[in-house]
Amino acid sequence: MILTVSVKDDLHARVVQHTAFCRGYRDFHIAECDQISGRHSLSWSSHGDAPDTILTGEGYSVPLSDVSVVWWRRTMARQQAWENAVDDHQRRVVNTESRGAFNGIFAASYKGQWISLPEATSRAADKIYQLTVARQAGFRVPRTLVSQSRADVIEFARQVGRVIVKPMVGVPGPMMFTEYVDDPANIPEESFTACPAMYQEYIPGRRHVRLNCFGDKMYAALIETDNLDSRADLRVPISKWVVPEDVARQVVAVLRKLELRMGIIDIKLTPQGEPVWLEVNPQGQFLFLQPLMGEPLADHFLDFLLSCDREE
């Protein structure tokens, strides 16, 4: 049995589940971690007096002992039943307690395959850590500064030339794109001290690679655009990109170090063709590329999950 942990109406979870059903695989369920409150969603007993169960979005109470693969996709959502509560303290209590119980039951009782381990997924999402690992694996990475000091950013820009800024983590809501920092000297001090941000040297070029790694299989798209962030406008030339052997080896080395079994990786090619590592999303979006590059990514990902289901 495959169990996907995500939020209600997550497109990726639904499409891959539908793909499984179309291929005759029925043991594919989705646990909606934002729907715990308001119903009997989970149960756990310290001495095994009752099965440890999770309620799926389809209404099935699934014993964790029956689950062989968990796709740990989206797990940090707020409880929708309390999203509009007037009392902010009660909302925090419901969200925190629901998340704690949900994660705790999996940590205590689940013994199967993870895509990927929760602790590895959380650690690998740290952009500082993943940049360090990528550099150790042999990738060129952009010169990077994480700071709240206006003076430090001004000096960094003097050293590297054109600078970009990106969020450290990002938050639910409107998408936060990577942006240019044309002249940090013209930005007020309080804009820097409000919170840390990641500043990087601008890597020239218009060829962006979105590399989807599912286990030992890689499916990459070449996105040709003058936009700084390749996600900003997908009405541009997009084609399949054959992953060079040396790049594939480096990707495998990074994911192994990060303990990830999958990863959605962003790489930029310089005008000379040198690949520069930008980042990896442990549970990134990939289905938007399926029609654009003519690759059945949902089927490929299901094949990956099924291969994990066969592992002991």
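Keep in mind that what you see is a predicted model, and the values were worked out from it rather than measured.

K.L.:
Looking at this structure, I do not really get the packing of aromatic side chains. What am I missing?
P.N.:
Two descriptors summarise a pair of aromatic rings, namely the distance from one centre to the other and the angle between the planes of the rings. Overall, the coordinates contain 17 aromatic pairs when judged by the stated rule. Ring plane angle 20° and centroid distance 6.4 Å describe the contact between Phe214 and Phe304, whose orientation is recorded as stacked. Note that Phe214 is positioned in strand β12 (residues 207–214) and Phe304 in helix α9 (residues 297–309), a separation of 90 residues in sequence. For the residue pair Phe214 and Phe304, the accessibility class agrees, reading buried in each case. In textbook terms, an aromatic cluster arises when at least three aromatic residues are bridged by ring pairs, as seen for Trp71, Phe214, Tyr219, Phe286, Phe301 and Phe304. Against the face of Phe21 rests Arg26, its NZ or CZ located 4.1 Å from the ring centre.

K.L.:
What is the right way to look at the sheet that holds strand β13 (residues 217–224) in this model?
P.N.:
Backbone-to-backbone hydrogen bonds join strands into a sheet, with any given pair of strands oriented parallel or antiparallel. Spatial strand order, β14-β13-β12-β15-β16: five strands in an open sheet with antiparallel pairing. This sheet does not close on itself; its edge strands, each paired only once, are β14 (238–241) and β16 (275–281). Along the sheet, successive strands turn relative to each other by an average axial angle of 25°, direction set aside. Looking at chain direction, β12 and β13 are connected through eight bridges and run antiparallel. Across the sheet, the residue bridging to Val209 is Leu222, located in β13.

K.L.:
Just to check I follow, could you spell out helix α2 (residues 88–109) for this structure?
P.N.:
What sets the pattern is the α-helix's 3.6 residues per turn: residues three or four places apart point alike. Taking 1.5 Å as the rise per residue, α2 with 22 residues should run 32 Å; its terminal C-alpha atoms sit 32 Å apart, in good agreement. Arg91, Val94, Asn95, Ser98, Phe102, Ile105, Phe106 and Ser109 are the residues of α2 that are buried. Along the axis of α2, the buried positions cluster into a sector of 125°, meaning they face one direction only. Seen from the buried face of α2, the exposed residues on the opposite side, beyond 90 degrees, are His89, Glu97 and Ala107. Where the residues of α2 are buried, they touch β1 (2–6), β2 (28–32), β3 (42–43), β4 (53–55), β6 (69–72) and β7 (113–115). Between the side-chain oxygen of the N-cap and the backbone nitrogen of His89 there are 2.9 Å, and the N-cap of α2 in question is Asp87.

K.L.:
Help me understand unusual backbone geometry in this model?
P.N.:
Peptide bonds are, in most cases, trans, and in most cases residues other than glycine have a negative phi. Cis geometry marks the peptide bond from Ile115 to Ser116, where omega comes out at -10°. As for its position among the elements, Ser116 is in the loop between β7 and α3 (118–124). The backbone of Asp9 sits at a positive phi, close to 65°, despite the residue not being glycine. Note on placement: Asp9 falls in the loop between β1 and α1 (11–22). In the Ramachandran plot, Glu259 falls in the positive-phi region, its phi being about 60° despite a non-glycine side chain. Structurally, Glu259 can be placed in the loop between α7 (245–258) and β15 (262–269).

K.L.:
Help me out: how do you make sense of the pattern of salt bridges in this one?
P.N.:
Counted according to the given criterion, the structure contains 19 salt bridges. A salt bridge links Arg73 to Asp10; its shortest N-O distance comes to 2.5 Å. Of the two residues, Arg73 sits in the loop between β6 and α2 while Asp10 sits in the loop between β1 and α1, which places them 63 residues apart along the sequence. Grouping residues by exposure puts Arg73 and Asp10 together as buried. Between Asp299 and Arg23 there is a salt bridge, and its shortest N-O distance comes to 3.0 Å. Of this pair, Asp299 sits in helix α9 while Arg23 is found in the loop between α1 and β2, placing the two residues 276 residues apart along the sequence. A residue is classified by how much of its surface remains accessible, and Asp299, at 29% relative accessible area, is partly exposed.

What counts as what
Residues numbered from 1 in each chain as written. Predicted model: local features only at pLDDT ≥ 70, side-chain atom pairs only at ≥ 80, totals over all residues. Heavy atoms only, no water. Phe/Tyr/Trp six-rings, centres within 6.5 Å; stacked < 30°, edge-to-face > 60°. Helix = DSSP H or I, 4+ residues; strand = E, 2+ residues; numbered from the N terminus. Buried < 20%, exposed > 50% of the residue type's maximum accessible area, 1.4 Å probe, protein only. Lys NZ or Arg CZ within 6 Å of the ring centre and 35° of its normal. Pairing = 2+ DSSP bridges. Axes fitted to C-alpha atoms, helices over the stretch in contact; angles between N-to-C directions. Expected span 1.5 Å × (residues − 1). Arc of directions from axis to C-beta. Contact = heavy atoms within 4.5 Å. Polar contact = N/O pair within 3.5 Å; in protein donor to acceptor, adjacent residues only side chain to side chain. Salt bridge = Lys/Arg side-chain N within 4 Å of Asp/Glu carboxyl O.

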